Amino acid sequence: MALLDIRQRTGWLFVAVVVGHIVLISAQVNSRRGVPILEEVIFGAFAEVQRASAEIIGNVREGWQNYFALQQIRRENEDLKQRVAQLEIRMQQERAQAQQTRTLQELLSLREATAPPTTASNVIGASADAYFRTISIDKGTEDGLRSDMAVIAPAGVVGRIILPATRAAKVQLLIDRNAAAAALIERSRAQGVVLGTGTGTLTMAYLPGSADIKVGDRVVTSGIDRIYPKGFVIGQIESLQRGVGESNGIVIKPAVDFSSLEAVLVVTEPPPPSDGKTDQAR
């Protein structure tokens, strides 16, 4: 074993001596460019190391820059999303305010054009019952409201007050199945009674079988019931079936969209007495 170790040491020593001679010779021998070969080899080796290091550092720097750039872009995108969301909310608010302004302008125009005195009120609730159709408004007895006062909208007749409270009132819509209103055909002046169905449409009863009625005729209040002022629009005849005597299957499409009511007018004085015979004779 000692002999083997001596041989290995001798071999390594020999290699070291040879390498040393080569280094010394390289340091003394110049290349064609006049530079020592050893210096050129060492420079070349270190140059490759520097190039590799520079590439690694450049890639790392570029990666960090891209990372921070992406983070910045992400933050900017989040800011833009928040701004867009805020703008959309603002647009919705402005749209709602514009719609409310239009509604109030329509109510104001109707109030100015309406002969009987009225008071404006906001809708604050609605019944969930499919047949008993009512809404609640934000004015009551302390505002002078009482039962059987007519409620109207720019489009036409809404209903009547059935339960006034101190600061609110319940309104029975005309489409309620227990609701009714004295009415007439605007074109022919034929008179009858409009009845609610609870399903969103109206019917007209007690019309003579010989009455002049057509699909598309407009139906208005006659004022005979002393609740609804005369001449307010109820709706338009959508279909009819001729019957015998005073029975006519007349379906009326209401003029008011009861699902979108936001504000209404309450007629605070009953209409004057109306002579139904006068209208019938016209």
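Below is a summary of the structure that appears in this document. Keep in mind the model is a prediction, meaning the values are calculated, not measured. (Residues numbered from 1 in each chain as written. Predicted model: local features only at pLDDT ≥ 70, side-chain atom pairs only at ≥ 80, totals over all residues. Heavy atoms only, no water.)

Moving on, we come to the pattern of salt bridges. Throughout the structure, instances matching the rule amount to five salt bridges. Of the charged contacts, one joins Asp148 and Arg160 as a salt bridge, the two residues approaching to 2.3 Å between their closest N and O atoms. With Asp148 in the loop between strand E2 (134-137) and strand E3 (150-153) and Arg160 in strand E4 (residues 156-164), this pair connects stretches of sequence that are twelve residues apart. Relative accessible area serves as the criterion here: at 38%, Asp148 is assigned to the partly exposed category. Where Asp212 meets Arg187, a salt bridge forms, and the shortest distance between an N and an O atom there is 2.9 Å. Residue Asp212 is found in the loop between strand E8 (202-205) and strand E9 (218-221), and its partner Arg187 is found in the loop between strand E6 (180-185) and strand E7 (191-196); the two are separated by 25 residues along the sequence. Its relative accessible area of 42% is what places Arg187 among the partly exposed residues. Sharing partners across several salt bridges, the network here consists of Arg187, Asp212 and Asp217. (Salt bridge = Lys/Arg side-chain N within 4 Å of Asp/Glu carboxyl O. Helix = DSSP H or I, 4+ residues; strand = E, 2+ residues; numbered from the N terminus. Buried < 20%, exposed > 50% of the residue type's maximum accessible area, 1.4 Å probe, protein only.)

This part covers the pairing of E3. Of the two faces of E3, the one holding Ala150 and Ile152 and the one holding Val151 and Ala153 are both buried throughout. Across four bridges, E3 lies against E4 in antiparallel orientation. Looking at E4, one finds that Ala153 is bridged to Gly156. The antiparallel hairpin formed by E3 and E4 contains two residues in its connecting segment. Looking at chain direction, E3 and strand E12 (residues 263-267) are connected through two bridges and run antiparallel. (Pairing = 2+ DSSP bridges.)

With that out of the way, let us pick up the sheet that holds strand E11 (residues 249-254). An order of E6-E7-E8-E11-E10-E9 is seen for the six strands of this closed barrel, with the pairing classed as antiparallel. Averaged over all pairs of adjacent strands, the angle between their axes in this sheet comes to 40°, without regard to strand direction. Two elements, E6 and E7, share five bridges in a ladder whose sense is antiparallel. In the sheet register, Ala183 faces E7, and the bridge partner there is Gly192. (Axes fitted to C-alpha atoms, helices over the stretch in contact; angles between N-to-C directions.)

Another aspect to go through is the sheet that holds E2. Taken together, the six strands give a closed barrel; going around it, the order is E1-E2-E5-E4-E3-E12, and neighbouring strands pair in antiparallel fashion. Here the average twist between neighbouring strands, direction ignored, is 45°. As paired strands, E4 and strand E5 (residues 169-173) are joined by five bridges and run antiparallel to one another. Looking across to E5, one finds that Arg160 is bridged to Gln172.

What follows covers the pairing of E5. With respect to burial, E5 is a largely interior element, four of its five residues being buried. Here E2 runs beside E5; their pairing, made up of four bridges, is antiparallel. By the bridge assignment, Thr134 is partnered in E5 with Gln172. Where E4 folds back on E5, the antiparallel hairpin that results is connected by four residues.

Turning next to the environment of Val251. Tracing the sequence through the fold places Val251 in strand E11. The spacing of Val251 and Val215 is 36 residues in sequence and 9.3 Å in space, taken between C-alpha atoms. Ignoring any residue separated from it by four or fewer positions in sequence, one finds Val251 in contact with Thr201, Leu202, Gln236, Ile237, Glu238 and Ser239. (Contact = heavy atoms within 4.5 Å.)

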